[in-house]
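Close look at the chain arrangement
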Amino acid sequence: MPIGIAMFVQVADSGSFSATARLLGLSSSAVGKSVARMEARLGARLFQRSTRHLALTDEGEKFLQRCKRILAEVEAAERELSASTGAPSGRLRISLPRYSGLFEPAIAAFMLAYPAIELDLDFSDAMVNVLGDGYDAVVRTGELADSGLTRRKLCTFRRLLVAAPAYLARHGRPLHPSDLASHQRPASRHMPPRLRVFIDFLVEKLQGQAFGTP
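Structure report, in brief.

Thresholds, definitions, all that
Residues numbered from 1 in each chain as written. Predicted model: local features only at pLDDT ≥ 70, side-chain atom pairs only at ≥ 80, totals over all residues. Heavy atoms only, no water. Buried < 20%, exposed > 50% of the residue type's maximum accessible area, 1.4 Å probe, protein only. Helix = DSSP H or I, 4+ residues; strand = E, 2+ residues; numbered from the N terminus. Pairing = 2+ DSSP bridges. Arc of directions from axis to C-beta. Core = buried A, V, L, I, M, F, W, Y, C linked by side-chain atoms within 4.5 Å. Contact = heavy atoms within 4.5 Å.

Before going further, it helps to examine the pairing of strand S4 (residues 117-123). Side chains of S4 alternate between two faces, with Ile117, Leu119, Leu121 and Phe123 buried and Glu118, Asp120 and Asp122 left unburied. Across 7 bridges, strand S3 (residues 90-96) lies against S4 in parallel orientation. The residue bridging Leu96 from the neighbouring strand is Phe123, located in S4.

Put into structure tokens, the structure is as follows:
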């Protein structure tokens, strides 16, 4: 807030150095000197002074109207900034593993908790270029190679290869990993991109959990 301008406006509205001083917790002399310095800097007299009366000059009236507009713009900018920092908003681009069923409850809960955040979800198992491809966060399984990127562990799980009894009855039970080459591969399912995920929310929901354990 421009202190000198705010003080000038307060003096003009109250019509008194002493009233402004009491409001701001200053001395009357300090308020008077502040206005005098402003007049010297502007090269114009803003107030007509007498022992009992303080009134704006024509130049002071014009300057007052401009100062009030300036202060209103400053206050509006402060309110806008305060509102923008009060609740998270904007877009997040996140890459998740192709089979992300365990993330779906956390994502749904996040969307309800942060409706102003738009999530752009990309489902892929490829090692993407986080910065080059414009991702805000990437979730992957396994060990991460040496990287300068910030990383956080979400949860632990183990993979299981399963099949329905009816499928095994039709196609037989594989006895060796090489037997899987002749079996049908399940079709992948993609969640349609709607909004983007916030990684700290996943950490809160999933950290410390273990999936796929007996």
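Of the residues making up helix H5 (residues 104-113), those classed as buried are Ala106, Ile107, Phe110 and Met111. Each buried residue of H5 lies within a common arc of 135° when the element is viewed along its axis, so the set occupies one face. Facing away from the buried side of H5 by over 90 degrees, the exposed positions are Pro105 and Leu112.

A word on the nonpolar core. Judged by nonpolar contacts, the single largest core of 17 residues is most densely connected at Ile5, Phe8, Val9, Val11, Phe17, Val31 and Phe47. If you list the elements that add at least two residues to this core, you get helix H1 (3-14), helix H2 (17-24), helix H3 (28-42) and helix H4 (58-86). Per element, the largest residue contribution to this core is 6 residues, and it comes from H1. Setting aside chain neighbours within four positions, we find Val31 in contact with Met7, Val11, Phe17, Thr20, Ala21 and Leu26. The next biggest cluster of nonpolar side chains, apart from the first, holds 15 residues, and it includes Leu96, Phe103, Met111 and Leu119.

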